[in-house]
Amino acid sequence: MEPALSQLRRGALEYCVLALLRDQERYGFELVRSLSAVDGLVTSEGTIYPLLTRLRKEALVTTSWQESASGPPRRYYRLTDAGGAALAAFSRDWARFRDGVDALLTSGGRHDHDAA
Amino acid sequence: MTTMRRDPLVDDYLRRLEAAAGDLPRERRKELVAEIEEHVEAALAESGDDKPAVRDVLERLGSPEEIAAAAGVAPERGRLERAALIVLSVSFVLPGAGYLIGAGLVLASKAWTGREQAIGLLLSPFVVLAGAIVVLVGASSAASGDSFDSGLGPLEIAVLAVVFLAGLLAAAYLSSRLKRP
């Protein structure tokens, strides 16, 4: 993968995790496979687990063990209030960032002077 | 933990992960290995556990070394770690107490595993002491005991060697277990 893309991916990944948890709790495997389904977002699934540990340490998510119908109990991840706030802030910033970059990429900045 | 009979590839992978994560604090290492194990079991429960499926699941995880690196193996040397290494290195200035202060700082740090702390703090004085005694006994028996004009006996010199060298050796070993900043 391009170095630039891999840097963007690394920065955006944790917010993708928070976004997946916005409306529901999920367990690790489920989170990992949902992220993997997005093209180019995850190259090594195993590296998501250290990321989840970090999010838990930063109190953006909490975990709880829940029984599963098939097999051993699973660790479920849930968004905290702080996690929700971080996600909302990133969503706003990301939209502005994406629009700005898109505008430059498509127009080459030709409208800069018109706009000003 | 599980009733599923596991493919040896999985055990081998988890062992490699355990080894690659050897520098993590014990709790975090165990947790990481347990999480990856849980992932593999969930994935195989979904895909079936024949050989190609196992290979596919492990391949998607990435290498154990990559996962360990993402988990922050090789903790950086922070202020506490630097202070511990410096105090140990110059601990001979304050014999005994200097070493104890250095040891306290090392034990307060989370950058080293319990095993590394033990090797650094306990083994190094023993190695130096043993080395000093072997050298001195050899030298004194060769020179039939009268070559020490310093007035110090072999034991005193051995103790001095420990005071001077044990801290340095401990600092060198502990330093080698940390990532360069």
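Residue positions are given per chain, counted from 1 along the sequence in the order it is written. Chains carry letters and ligands carry numbers; both start at the beginning, A for chains and 1 for ligands, and go up in the order they are written. Under the rules for a predicted model, residues below a pLDDT of 70 receive no local features and side-chain atom pairs below 80 are neither given nor counted, while totals for whole chains, interfaces and linings still include all residues.

## Describing the overall build of chain B
Piece 1. Helix and strand assignments follow DSSP, with helices taken as H or I runs no shorter than four residues and strands as E runs no shorter than two, numbered in order from the N terminus. On a plain count of helices and strands, chain B comes out with eight helices and zero strands.
Piece 2. The secondary structure elements of chain B, listed N-terminal to C-terminal, are α-α-α-α-α-α-α-α.
Piece 3. The burial criterion counts other C-beta atoms lying within 10 Å of a residue's C-beta, which is placed from the backbone; the residue is buried at 20 or more, exposed at 12 or fewer, and partly exposed between these limits. Of all 181 residues assigned to chain B, the portion counted as buried reaches 28%.
Piece 4. Any two residues are considered in contact once their C-beta atoms, placed from the backbone, lie within 7 Å. Counting contacts in chain B only where the partners sit at least 6 residues apart, residues at least 24 apart contribute 69% of the total.

## Notes on the overall build of chain A
Piece 1. The secondary structure content of chain A amounts to five helices and three strands.
Piece 2. Taking all 116 residues of chain A together, 21% fall into the buried category.
Piece 3. Contacts spanning at least 24 positions in sequence make up 49% of the contacts within chain A whose residues lie at least 6 apart.

## Concerning the packing of helix α2 (residues 26-47) of chain B against helix α3 (residues 51-61) of chain B
All names here are of chain B.
Piece 1. Helix axes are fitted only over the stretch in contact, all axes being lines through C-alpha atoms; the angle between N-to-C directions runs from 0 to 180 degrees. Their axes nearest at 10 Å, the elements α2 and α3 cross at an angle of 140°. Our classification of the angle between α2 and α3 gives oblique. Note that α2 runs across α3; the crossing there is right-handed. Contacts between α2 and α3 involve I36, V40, A43, L44 and S47 from the former and A53, V54, V57 and L61 from the latter.
Piece 2. When the residues that make up the contact of α2 with α3 are grouped by side-chain class, the tally is eight nonpolar, one polar and no charged. Roughly parallel means an angle under 35 degrees; roughly antiparallel, over 145; roughly perpendicular, 65 to 115; everything else is oblique. Should the near helix be turned counterclockwise from the far one by less than a right angle, the crossing is left-handed, whereas a clockwise turn marks it as right-handed. Ten residues, namely Ala, Val, Leu, Ile, Met, Phe, Trp, Tyr, Cys and Pro, are considered nonpolar, four, namely Asp, Glu, Lys and Arg, are considered charged, and the remaining ones, Gly among them, are considered polar.

## Re α2 of chain B
All names here are of chain B.
Piece 1. To estimate how far a helix should extend, the number of its residues minus one is multiplied by 1.5 Å. Here α2 contains 22 residues, and its C-alpha end-to-end distance of 31 Å stays within 8% of the 32 Å for a straight helix at 1.5 Å per residue.
Piece 2. For α2, every residue scored as buried is listed here: R29, L32, E35, I36, E38, H39, V40, E41, A42 and A43.
Piece 3. Phi for G48, located one or two positions after α2, is positive at around 85°.

## Points about α3 of chain B
Residues and elements named next belong to chain B.
Piece 1. Buried within α3 we find V54, V57, L58 and L61. Down the axis of α3, the sector holding all buried residues measures 95°, keeping them to one side. Residues of α3 that are exposed and point over 90 degrees away from its buried face: P52, R55 and E59.
Piece 2. The first or second residue beyond α3 is G62, which carries a positive phi of 90°. Read the arc as the range of directions from the helix axis to the C-beta atoms.

## Some remarks on the packing of helix α2 (residues 28-36) of chain A against α2 of chain B
Piece 1. Close contact between α2 of chain A and α2 of chain B brings their axes to 9 Å; oriented N to C, the two are set at 70°. Relative to α2 of chain B, the element α2 of chain A lies roughly perpendicular. Where α2 of chain A approaches α2 of chain B, its residues G28, F29 and V32 of chain A are matched on the opposing element by E35, E38, H39, A42 and A43 of chain B.
Piece 2. Among the residues forming the contact of α2 of chain A with α2 of chain B, the class breakdown is four nonpolar, two polar and two charged.

## Thoughts on the interface of chain B and chain A
Piece 1. Chain B puts 19 residues into the contact, and the matching count from chain A is twelve residues.
Piece 2. Counting only elements with at least two residues in the side of chain B that touches chain A, the list comes to α2, α3 and α4 (64-70) of chain B.
Piece 3. With nine residues, α2 of chain B is the single largest residue contributor to the side of chain B that touches chain A.
Piece 4. Grouping the constituent residues of the side of chain B that touches chain A by class yields ten nonpolar, four polar and five charged.

## Comments concerning the sheet that holds strand β1 (residues 26-27) of chain A
Residues and elements named next belong to chain A.
Piece 1. The strand order β1-β3-β2 describes an open sheet built from three strands, whose pairing is antiparallel. Strands with a single pairing partner mark the edges of an open sheet, and in this sheet they are β1 and β2 (61-66).
Piece 2. Two strands pair under a simple rule: DSSP has to find at least two bridges between them. Pairing of β1 with strand β3 (residues 74-79) involves two bridges; the strand directions are antiparallel. Looking across to β3, one finds that Y27 is bridged to Y76.

## Here we look at the nonpolar core
Piece 1. Within the largest apolar cluster, 34 residues are counted, with the highest numbers of intra-cluster contacts made by L17, A21, I36, I67 and A71 of chain B.
Piece 2. Looking at this core, the elements with two or more residues in it are α1 (3-20), α2, α3 (48-57) and β3 of chain A together with α1 (8-20), α2, α3 and α4 of chain B.
Piece 3. Take this core: its biggest share by element is five residues, from α2 of chain B.
Piece 4. Setting aside residues up to four positions removed in sequence, I67 of chain B forms contacts with G46, T47 and P50 of chain A together with L17, I36, L61 and G62 of chain B.
Piece 5. Counting 20 residues, the second largest nonpolar core, distinct from the first, contains V106, A111, A132 and L174 of chain B. What makes a nonpolar core is a set of buried Ala, Val, Leu, Ile, Met, Phe, Trp, Tyr and Cys residues, with links drawn between C-beta atoms within 7 Å.

## Observations concerning the confidence of the model for chain B
Residues and elements named next belong to chain B.
Piece 1. pLDDT: the predictor's confidence for each residue, scored from 0 to 100. Counting all residues, the mean pLDDT for chain B is 83, and 88% of those residues have values of 70 or more.
Piece 2. Mean pLDDT values over the elements of chain B span from 82, in helix α7 (residues 114-142), up to 95, in α3.
Piece 3. Model confidence for the complex is summarised by a pTM of 0.61, with the ipTM given as 0.82.

## Details of the environment of V33 of chain B
Piece 1. Positionally, V33 of chain B belongs in helix α2.
Piece 2. If we ignore the near neighbours within four places in the chain, the residues touching V33 of chain B are L14, L17 and E18 of chain B.

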